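Here are the chains, one letter per residue:
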Amino acid sequence: MKERLAAAFLRLSGWAPEGAVPTAKHYVLIAAPHTSNWDLVYLLALSWVLGVRVSWMGKHTLFRGPAGTVMRGLGGVPVRRDRRNDLVAQMVQAFADSPTLALVVPAEGTRSAASHWKSGFYRIARAAEVPVVLGYLDYGRRRGGFGPEIRPSGDVKRDMDRIRAFYADKTPRHPEGFGPVQLVDEEKQSRS
């Protein structure tokens, strides 16, 4: 049922999925560009049409009571944000506990322009030993889907060069809100 509703929604809004469905059973899915609340709606619709069950991190308090059932049904994974240093460990455990997991991480960390991306997606993938899949929404072409799988090598700059090249031609809903595709870790690594 949700696949048919998602397909109808995409058709009516002029959007279409593209790209191959990832073959990995576990992966971190970058959600970019992320400049609008509509991004989650399109991400869920595209993933339902393509038959990919995605999971996303949400503050644990969103999962209390009846709302928790709905949030989990939409792919929510509760995390304790008050234990920031433990977030990577929480997600590594989530990968270990699940036979399949496509964990969505909005690498920008905000819908507003930022000076750099958050490195959580990279650190989680490295620690869990899973690939990063480059998910995207291209508002210019009204297309979205999955790009290549990248295994983080530890050479942050080289890995990010590949990621930057992929997102270079993707148009966000609000271009002024899409900051540079860069990690602070790249600067640290180049200095050492």
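Because the structure is a prediction, the values reported are computed rather than measured. Within every chain, residues take consecutive numbers counted from 1 along the sequence as written. Selection of residues for local features in this predicted model requires a pLDDT of at least 70, selection of side-chain atom pairs for listing and counting requires 80 or more, and totals for whole chains, interfaces and linings are taken over all residues. To obtain the side-chain values, all non-hydrogen atoms of the structure were used and water was disregarded.

**Section: the nonpolar core**
Part 1 of the reasoning: Here, the term nonpolar core denotes a set of buried Ala, Val, Leu, Ile, Met, Phe, Trp, Tyr and Cys residues that are joined through side-chain atoms within 4.5 Å. Working definition: with a 1.4 Å probe on protein chains only, accessible area under 20% of the residue-type maximum means buried, over 50% means exposed, and in between means partly exposed. One finds Ile30, Trp117, Phe121, Ile163 and Tyr167 to be the most contacted residues of the largest nonpolar core, which totals 32 residues.
Part 2 of the reasoning: Secondary structure elements are taken from DSSP: a helix is a run of H or I of four residues or more, a strand is a run of E of two residues or more, and numbering for both begins at the N terminus. Of all elements in the fold, only strand S2 (26–32), strand S4 (76–79), helix H4 (87–97), strand S5 (101–105), helix H5 (120–128), strand S6 (132–138) and helix H6 (156–167) reach the threshold of two or more residues within this core.
Part 3 of the reasoning: Contacts of phenylalanine 121, omitting those with residues within four sequence positions, involve Val28, Ile30, Val105, Ala107, Val132, Met160, Ile163 and Leu183.
Part 4 of the reasoning: Listed in part, the 13 residues of the second largest apolar core include Tyr27, Leu44, Ala102 and Val104. Any two residues having at least one pair of non-hydrogen atoms within 4.5 Å are treated as being in contact.

**Some points on the packing of aromatic side chains**
Part 1 of the reasoning: Classification of ring pairs uses Phe, Tyr and Trp, with its six-membered ring standing for Trp, and accepts pairs whose centres are within 6.5 Å; under 30 degrees between planes counts as stacked, over 60 as edge-to-face, and the remaining range as tilted. Taken as a whole and judged by the stated rule, the model has 11 aromatic pairs.
Part 2 of the reasoning: A ring pair is formed by tryptophan 15 and tyrosine 139, whose centres lie 5.0 Å apart and whose planes are at 85°; its orientation type is edge-to-face. Taken as a pair, tryptophan 15 in the loop between helix H1 (2–13) and strand S1 (16–18) and tyrosine 139 in the loop between S6 and strand S7 (143–150) lie far apart in primary sequence, 124 residues in all. Across the pair, tyrosine 139 and tryptophan 15 agree in class, each one buried.
Part 3 of the reasoning: When the centroid spacing of 6.1 Å and the interplanar angle of 40° are considered together, the rings of tryptophan 38 and tyrosine 42 count as tilted. Taken together, the positions of tryptophan 38 and tyrosine 42, both in helix H2 (residues 38–50) and 4 residues apart, correspond to about one turn of that helix.
Part 4 of the reasoning: Given the relative accessible area of 39%, tryptophan 38 is considered partly exposed.
Part 5 of the reasoning: Given a relative accessible area of 6%, tyrosine 42 falls into the buried group.
Part 6 of the reasoning: Members of the aromatic cluster, joined through ring pairs, are Trp117, Phe121, Tyr122, Tyr136, Phe166 and Tyr167.
Part 7 of the reasoning: Two limits define a charge over a ring: the Lys NZ or Arg CZ must be within 6 Å of the ring centre, and within 35 degrees of the ring normal. Its end group placed over the ring of tyrosine 136, lysine 170 keeps NZ or CZ at 5.2 Å from the ring centre.
Part 8 of the reasoning: The ring of phenylalanine 166 carries the charged tip of lysine 170 above its face, separated from the ring centre by 4.0 Å.

**Describing the environment of alanine 94**
Part 1 of the reasoning: Relative to the helices and strands, alanine 94 is located in helix H4.
Part 2 of the reasoning: The class for alanine 94 is buried, based on a relative accessible area of 18%.

**Points about unusual backbone geometry**
Part 1 of the reasoning: Cis geometry is adopted by the peptide bond preceding proline 33, which originates at alanine 32 and carries an omega value of -15°.
Part 2 of the reasoning: Looking at where proline 33 falls in the secondary structure, it is placed in the loop between S2 and H2.
Part 3 of the reasoning: Residue glutamate 129 is not a glycine yet carries a positive backbone phi of 55°.
Part 4 of the reasoning: Relative to the helices and strands, glutamate 129 resides in the loop between H5 and S6.
Part 5 of the reasoning: We note that arginine 142 has phi near 55°; this positive angle belongs to a residue other than glycine.
Part 6 of the reasoning: Checked against the element boundaries, arginine 142 lands in the loop between S6 and S7.

Purely geometric stuff here, so don't read any function into it on its own.
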